[in-house]
Amino acid sequence: MSSNAIVFRHVTHDYGGHTALDDVSFAVASGEIYGFIGPNGAGKTTAIRCIATLMEPTAGTVEVMGHDISIEPEAVRRRLGYMPDHAGVYDRVTVREYLEFFADAYGVGAVTSYAAVERVMRLTDLAKLADRLVVSMSKGMKQRLQLARVMLHD
């Protein structure tokens, strides 16, 4: 497996007559922090959607942790946590129920699921809210819950 977490190779993505990404290549090493900066329409969101397996490039390849997003999207999704800017949450469940649901959906496993939920609640300072209904939380706390969700599968 590659020491790169993300590799873009000559990626192009077209929306009808508009090219959002035009022969983009870059690599992000494992453990490296990488940011996308640019004006509206520069292709930042398109690149992130490709990484998250939400769309495939028109040309080129994208790899996440050594897995091609077009060939092995499930393998990528098992390794990747994605938190969009405006993510919805299920309001009529508790914080713990919400995280347990996603731990199960991510295939964390029954034995490690409890530990994973406890770990992310501690990391995001949500442990004291474990039995609170999501609907009663502020927008910022819901965003914190989303962060906990994407960290469940490490």
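Look up: the structure comes first, before these words.
Structural notes, computed from the coordinates. (Residues numbered from 1 in each chain as written. Predicted model: local features only at pLDDT ≥ 70, side-chain atom pairs only at ≥ 80, totals over all residues. Heavy atoms only, no water.)

Details of the pattern of salt bridges
Next up, step 1: Applying the stated criterion across every chain yields a total of six salt bridges.
Next up, step 2: For the salt bridge of Glu63 with Arg9, the shortest nitrogen-to-oxygen distance reads 2.9 Å. With Glu63 in strand β3 (residues 59–64) and Arg9 in strand β1 (residues 4–15), this residue pair connects regions lying 54 residues apart in the sequence.
Next up, step 3: A salt bridge links Asp91 to Lys142, with the nearest nitrogen and oxygen atoms 3.6 Å apart. You can see Asp91 sitting in the loop between α2 (73–79) and α3 (95–105) and its partner Lys142 sitting in helix α5 (residues 139–151), a full 51 residues away along the chain. (Salt bridge = Lys/Arg side-chain N within 4 Å of Asp/Glu carboxyl O. Helix = DSSP H or I, 4+ residues; strand = E, 2+ residues; numbered from the N terminus.)

Topic: the pairing of β3
Next up, step 1: Where β1 meets β3, five bridges bridge the pair, whose relative direction is antiparallel. For Arg9, the partnering residue across the bridge sits in β3 and is Thr61.
Next up, step 2: Note that β3 and strand β4 (residues 67–68) share two bridges and pair antiparallel. Across the sheet, residue Val64 finds its bridge partner in β4, namely His67.
Next up, step 3: As consecutive antiparallel partners, β3 and β4 are separated by two residues, and within that stretch Met65 has a phi angle of approximately 55°, a positive value. (Pairing = 2+ DSSP bridges.)

Details of the sheet that holds β4
Next up, step 1: Reading across from one edge, β2-β1-β3-β4 is the order of the four strands in this open sheet, with antiparallel pairing throughout. Looking along the sheet, the strands with just one partner apiece sit at the ends: β2 (18–29) and β4.
Next up, step 2: Looking at chain direction, β1 and β2 are connected through eight bridges and run antiparallel. If you follow Val7 over to β2, its bridge partner there is Ala27.
Next up, step 3: On the sheet, helix α1 (residues 44–51) packs against β1, β2 and β3 and is oriented at approximately 120° with respect to β1. (Contact = heavy atoms within 4.5 Å. Axes fitted to C-alpha atoms, helices over the stretch in contact; angles between N-to-C directions.)

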